[in-house]
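# Understanding the architecture of this molecule
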Amino acid sequence: MKKLLFMFVFAVATAFAAQAQNASFGIRGGANISNLSGDLRDEDRFENKVGFHAGIMANFGVVDNFFSIQPELLYSVKGFKNEDSEVTLLGQTRRREGKVNYNYLDLPVMAKIKAGPLYFEAGPQASYLLSVNNETKTYINGNLRSTNTDEKSKSGLSEFEVGYVAGIGFTSANNAISFGVRYNGAFSDFVKEDVNFDGDLTNARHSTFMVTVGFAMPTGR
């Protein structure tokens, strides 16, 4: 799967480099504030979690310094934090604590419009689930029932996901440094069968806000 993603990035880069007036390549990284969205049964049981993203990017100018195409390949940690509260159902008091990290390889391909130091970006994103780190502890009537610490299990989850990215930010005069905020959403549920959360993750989708910084180096043409 990684090989296919790298080949896709290379194909996009080659296609746009052939006709772009200018190009730049660089690195990007920053913080994720992630949670779940969708038609969840008990949305209040999930809280925001802080993660990170890091990877490489390329930018190909199409219309001078105004419009460009920017593919990226990012390692991104998403997920949620369990709300530390008790729920009583059928005479049993349940409580969850801890967090869940979903580790993805994200491939956004964005159209970018620059207006002075301000830029706007949006586009589709393909994602591949690399691994899961579930640190949830479940208590029933005060007794620890289970502890999930498997860092690789993807049981019941979709490995592939299609979503979208939209953002706004600022860039330096030479486009070498950029700082922005993004929203990263999904078009489909990522849970095929909820095997760990008693059905609470049914209809769940990833929802992530990103604070991101990029460093790019132009190439002479």
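For the structure itself, look to the data block above.
This one's a predicted model, so the numbers in the text were calculated from it and none came from an experiment. (Residues numbered from 1 in each chain as written. Predicted model: local features only at pLDDT ≥ 70, side-chain atom pairs only at ≥ 80, totals over all residues. Heavy atoms only, no water.)

## As for the layout of surface pockets
Of the voids in this model, the largest pocket is the one considered here, and its volume is about 380 Å³. Along the wall of the largest pocket there are 27 residues; nearest its centre are Asn22, Ser24, Asn59, Asn65 and Asn175. Sorting the residues of the lining of the largest pocket by element identifies β1 (23-38), β3 (49-63), β4 (67-82), β7 (99-115), β12 (177-186) and β13 (204-219) as the ones contributing at least two each. It is β13 that contributes the most residues to the lining of the largest pocket, five residues altogether. Grouping the constituent residues of the lining of the largest pocket by class yields eleven nonpolar, 13 polar and three charged. (1 Å grid on protein atoms, 1.4 Å probe; cavity = no way out; pocket = protein on both sides within 12 Å on 5 of 7 lines; lining within 4 Å. Points joined across faces, edges and corners; volume = space filled by probe spheres on them. Helix = DSSP H or I, 4+ residues; strand = E, 2+ residues; numbered from the N terminus. Nonpolar A, V, L, I, M, F, W, Y, C, P; charged D, E, K, R; others polar.)

## Focus on a nonpolar patch on the surface
Where nonpolar side chains cluster on the molecular surface, the patch consists of Val62, Val63, Phe66, Ile113, Phe120, Ile168, Phe179, Val181 and Val211 and spans about 700 Å² of accessible area. Where the nonpolar patch is concerned, the elements lending two or more residues are β3 and β12. As for its position among the elements, isoleucine 168 is in strand β11 (residues 160-171). Overall, isoleucine 168 belongs to the partly exposed group, its relative accessible area being 34%. (Patch = residues over 30% accessible without salt bridge, like charges linked within 9 Å, V, L, I, M, F, W, Y side chains within 5 Å. Areas by Shrake-Rupley, 256 points an atom, 1.4 Å probe, with all protein chains shown as cover. Salt bridge = Lys/Arg side-chain N within 4 Å of Asp/Glu carboxyl O. Buried < 20%, exposed > 50% of the residue type's maximum accessible area, 1.4 Å probe, protein only.)

What is shown is where atoms sit, not what they do.
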